[in-house]
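If you want the building blocks of each chain, they are given just below.
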Amino acid sequence: PVATASTTSGIIGDPRWLKVITSAVTLTTSVTPEGSGTVSPASGTYNVGDNVTVTAAKAFGYTFKEWRDAGTNAVLSTANPYTFTISANTSLVAVYDVLTTYNFTVNKEGTGATWGILSISPSPTNGKFEAGTEVTVTVASNKVSNFLYWEDNSTALSRTMIVNSDITLTATYDEIPFIVGWDFKVQSPTSGRSGDYFAD
């Protein structure tokens, strides 16, 4: 429950839930570089002496480094979350470092490439991973294509690797002869539906 002020200056609701600001100070935040992450809460109004906790969340390709005072540029803390006692209007800057990222590409080749299925976990961001990310690529079977081999001639259905350089994988598939087929992963429509697979 929240108590709010009415148009007649009274209080609607239980006044025990109404925060009274007697000596107001404000918090504002920003991040650097631009787009490197977010801060929660981004801003707020508090009483002098309140404990305030701010949390920095990074964007892809960045890692949190430290909190700085926006006015003096002094480093305040490397803790995340960061809790402090607010005593005056405060402007914080969340500073992030840029991480190295690498391209990660998986190609499909062969007569069955159109219908070949594989998964990448975790999923890349715009075709990239941060350095040091462990990635697993798994081939899934279906009734109209047959996985043959990877670019290194291995036939393992699952590959796990640490991304520390640009990586390009190639999975080669053979087509199992067919005209048209359905796998019925969804139940509708039950008639007049296009084939889930169809040969040229």
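Note that the coordinates shown come from a computational prediction; the quantities given were computed from them, not determined experimentally.

Remarks on the packing of aromatic side chains
Applying the stated criterion across every chain yields a total of seven aromatic pairs. Relative to Trp67, the ring of Phe64 lies with its centre 5.3 Å away and its plane at 55°, an arrangement referred to as tilted. Of the two residues, Phe64 and Trp67, both sit in the buried class. Centroid distance Phe64 to Tyr96: 5.8 Å. Interplanar angle 80°. Geometry classified as edge-to-face.

Notes on the pairing of strand β11 (residues 101-109)
As judged from the three bridges shared by β11 and strand β13 (residues 128-130), these two strands associate in the antiparallel manner. Bridge pairing in β13 places Asn103 opposite Lys128. By the bridge criterion, six bridges tie β11 to strand β17 (residues 167-175) in an arrangement that is parallel. When the bridges of β17 are listed, Asn107 appears paired with Thr170.

A short note on unusual backbone geometry
Pro33 follows Thr32 through a cis peptide bond whose omega is 0°. Tracing the backbone shows Pro33 in the loop between β3 (24-32) and β4 (37-40). In the segment running from Ser121 into Pro122, the intervening peptide bond is cis, with an omega of -5°. Within the element layout of this structure, Pro122 appears in the loop between β12 (117-121) and β13. If you check the backbone angles, Asn126 has positive phi at about 50° while not being a glycine. Within the element layout of this structure, Asn126 appears in the loop between β12 and β13.

Description of the side chain of Ser145
With respect to the helices, strands and loops of the structure, Ser145 is situated in strand β15 (residues 145-150). Setting aside residues no more than four positions away along its own chain, Ser145 makes contact with Gly112, Trp115, Gly116, Tyr173, Asp174, Glu175 and Ile176.

Brief notes about the pattern of salt bridges
Under the definition given, this model contains four salt bridges. Note that Arg159 and Asp152 form a salt bridge whose closest N and O atoms lie 3.4 Å from each other. Using a relative accessible area of 42% as the deciding quantity, one classes Asp152 as partly exposed. Overlapping salt bridges, with partners in common, bring together Glu151, Asp152 and Arg159 in one network.

Remarks on the environment of Val25
Structurally, Val25 can be placed in strand β3. We classify Val25 as buried; its relative accessible area is 5%. C-alpha separation for the pair Val25 and Ile86, spaced 61 residues apart in sequence, amounts to 7.7 Å. With residues near it in sequence (within four places) discarded, Val25 still touches Gly44, Thr45, Tyr46, Asn47, Val48, Ile86, Ser87, Ala88 and Asn89.

Points about the nonpolar core
Judged by nonpolar contacts, the single largest core of 16 residues is most densely connected at Leu27, Val54, Trp67 and Phe84. Contributions of two or more residues to this core are made by β3, β6 (51-58), β7 (62-69), β9 (82-85) and β10 (90-98). The contact partners of Leu27, leaving out residues within four places of it in the chain, are Pro41, Ala42, Ser43, Gly44, Tyr46, Val52, Val54, Phe84, Ile86, Thr90 and Leu92. Membership of the second largest hydrophobic core comes to 13 residues, among which are Phe129, Val135, Trp150 and Leu169.

A short note on the sheet that holds β9
The strands making up a sheet associate through hydrogen bonds between their backbones, and the pairing can be parallel or antiparallel. With antiparallel pairing, the three strands of this open sheet are ordered in space as β4-β6-β9. Looking at strand neighbours, the two that pair on one side only are β4 and β9, the edges of this open sheet. Pairs of neighbouring strands in the sheet enclose a mean axial angle of 25°, with direction left out of account. Where β6 meets β9, four bridges bridge the pair, whose relative direction is antiparallel.

Examining the pairing of β6
Where β4 meets β6, four bridges bridge the pair, whose relative direction is antiparallel. Residue pairing in the sheet places Thr38 in a bridge with Ala57 of β6.

Cut-off values and rules
- Residues numbered from 1 in each chain as written.
- Predicted model: local features only at pLDDT ≥ 70, side-chain atom pairs only at ≥ 80, totals over all residues.
- Heavy atoms only, no water.
- Phe/Tyr/Trp six-rings, centres within 6.5 Å; stacked < 30°, edge-to-face > 60°.
- Buried < 20%, exposed > 50% of the residue type's maximum accessible area, 1.4 Å probe, protein only.
- Pairing = 2+ DSSP bridges.
- Helix = DSSP H or I, 4+ residues; strand = E, 2+ residues; numbered from the N terminus.
- Contact = heavy atoms within 4.5 Å.
- Salt bridge = Lys/Arg side-chain N within 4 Å of Asp/Glu carboxyl O.
- Core = buried A, V, L, I, M, F, W, Y, C linked by side-chain atoms within 4.5 Å.
- Axes fitted to C-alpha atoms, helices over the stretch in contact; angles between N-to-C directions.

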